[in-house]
Amino acid sequence: MSARRAITAVGAALLLALLPGTAQADAGYPQPQPITGQQIIHDPTVIRLKSGGYVAYSTGGVIGARTSKDTKQWDDAGNAFATPPSWWYEYNDTGDPWAPDISYRAGRYWLYYAVSSWGTNHSAIGVATSRTGLPGTWTDHGKVFSSETTDTWNAIDPAIIEDRGRLWMSFGSYWTGIRMIELNPATGKALPGADVHHLATRPDAPYAVEGPYIVRHGRYYYLFASYDACCSGVNSTYRIKVGRSTSVTGPYVDRTGKSLLEGGGDLLLEGHGRYIGTGGQSVFRNRGQDWLAYHYYDAEDNGTPKLGLNRLAWVHHWPVVK
């Protein structure tokens, strides 16, 4: 219900039966950049490495890894870790991590990720560091922040933003939506007693919004989030919405001024044509340009989850997918 996993669903034939009009108008959305090689991915986070080339980490495996020289040809690069750290098993039986986020600061790459079980908010976010950012080089540092069944939030789907020397982590999935907490820049972990800020939710249960990602552009901070249901192949209804704020902690509003805490949010990208259930998004910087990374379920390939990459343009201070 709340976490996101790579699930290859039923075939394209079922799509024809259950989703009317697969030849639907594409609502003007561009297709993702053509890519080759290892296309299968879920909840991608991408970064351009200081050493050259790119790495993408994702849900699946022990944080699945892909590498590329140009963002067009992607190769399977194994996993971030050879084996799950032992503490992960406190949160699920399999040690499966979800929804990683990679960033670079203070001379190191930082990889945040979630461990949980489907449908519960007994969850935790962990962090690892690496000098190179490549799979097999990560040192795990344990828990950053956690949630329990008594909490009104779910500590999964982390995303990091550094702002004026302070470090923030947005997170959340269902359980009243998206939250944010301040981290210690030295340890990368939650500051003791830090406030948990509320950024976005839906009017009604089950509050189907998750997977936040925040970027700063100009004078605004932009909150990207995935709305509705993932993880059901061609039956997925994931779509990406966005709001903005002049403060990293909010309030975030859409173009009409409606708060994301009141169900607001501008639609950025949704399913169109063969590209079903677009979500699990992140944003990365490449040669002075912002790019949106996400997964979609390919209606022409049995609902297989694949990597979507689109350039982001900024038009009248709002992001537009190109």
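This structure is a prediction, so every number in the text was calculated from the model and none was measured.

Chemist: Would you mind going over the overall build of the protein in detail, with residue names and values included?
Modeler: A tally of regular secondary structure across the protein gives one helix and 21 strands. Relative to the compact-globule value of 20 Å for 322 residues, the protein shows a C-alpha radius of gyration of 18 Å, a close match. Oriented by its inertia axes, the alpha-carbon framework of the protein measures out at about 50 × 45 × 40 Å. Counting across all 322 residues of the protein, residues that qualify as buried make up 55%. For the protein, contacts bridging at least 24 residues in sequence account for 55% of all contacts bridging at least 6. Averaging the positions of the 29 positive and the 28 negative side-chain charges in the protein gives two centres separated by 8 Å.

Chemist: Tell me about the sheet that holds strand S1 (residues 36-37), and name the residues and values.
Modeler: With mixed pairing, five strands are arranged side by side in an open sheet as S1-S5-S4-S3-S2. The open sheet has two edge strands, S1 and strand S2 (45-48), and neither has a second partner.

Chemist: Which residues make up the sheet that holds strand S12 (residues 178-183), and what values do they have?
Modeler: Spatially, four strands are ordered S10-S11-S12-S13 in an open sheet, and the strand pairing comes out antiparallel. With partners counted over all chains shown, the strands left at the sheet margins are strand S10 (159-163) and strand S13 (197-200), one partner each. For this sheet, the mean inter-axis angle between neighbouring strands, taken without regard to orientation, is 30 degrees. As paired elements, S10 and strand S11 (residues 166-171) share five bridges and run antiparallel to each other. Opposite Asp-163, over in S11, you have Arg-166 as the bridge partner.

Chemist: I'd like a description of the pattern of salt bridges, backed by residues and values.
Modeler: Per the counting criterion, the structure on display carries twelve salt bridges. Among the ionic pairs, Asp-163 bridges to Arg-216, the shortest N-O distance being 3.6 Å. Note that Asp-163 is positioned in strand S10 and Arg-216 in strand S14 (residues 209-217), a separation of 53 residues in sequence. With relative accessibility at 41%, the residue Arg-216 sits in the partly exposed group. The closest approach of N and O atoms between Asp-290 and Arg-285, which form a salt bridge, is 3.0 Å. Residue classification places Asp-290 among the buried residues on the basis of a relative accessible area of 11%. Judged by its relative accessible area of 48%, Arg-285 is partly exposed. The network of salt bridges with common partners includes Arg-274, Asp-298, Glu-300, Asp-301 and Lys-306.

Chemist: I'd like a rundown of the pairing of S11, residues and numbers included.
Modeler: Within a regular strand, the side chains alternate between the two sheet faces. The element S11 is extensively covered by neighbouring structure, given that five of its six residues are classed as buried. Hairpin geometry of S10 and S11 is characterised by an intervening segment of two residues between the two adjacent antiparallel strands and by a positive phi of about 55 degrees at Arg-164. Where S11 lies against S12, five bridges are found, and the strand directions are antiparallel. Bridged to Met-169 within S12 is Ile-181. In this structure, the hairpin formed by S11 and S12 is closed by a connection of six residues, where Gly-172 is found at a positive phi of approximately 130 degrees.

Chemist: Go over the side chain of Asn-310, please, and point to the residues and values.
Modeler: Turning to its location among the elements, Asn-310 is positioned in strand S20 (residues 304-315). Engagement of the side chain of Asn-310 in a polar contact is seen with the backbone oxygen of Lys-322, the distance being 2.8 Å. Here Asn-310 is in contact with Pro-30, Gln-31, Pro-32, Trp-291, Leu-292, Tyr-294, Val-321 and Lys-322, once residues within four sequence places are set aside.

Cut-offs used in this document
- Residues numbered from 1 in each chain as written.
- Predicted model: local features only at pLDDT ≥ 70, side-chain atom pairs only at ≥ 80, totals over all residues.
- Heavy atoms only, no water.
- Helix = DSSP H or I, 4+ residues; strand = E, 2+ residues; numbered from the N terminus.
- Rg over C-alpha atoms; globule rule 2.2 N^0.38 Å.
- Buried < 20%, exposed > 50% of the residue type's maximum accessible area, 1.4 Å probe, protein only.
- Contact = heavy atoms within 4.5 Å.
- Lys, Arg positive; Asp, Glu negative; His and termini not counted.
- Charge placed at Lys NZ, Arg CZ, Asp CG, Glu CD.
- Pairing = 2+ DSSP bridges.
- Axes fitted to C-alpha atoms, helices over the stretch in contact; angles between N-to-C directions.
- Salt bridge = Lys/Arg side-chain N within 4 Å of Asp/Glu carboxyl O.
- Polar contact = N/O pair within 3.5 Å; in protein donor to acceptor, adjacent residues only side chain to side chain.

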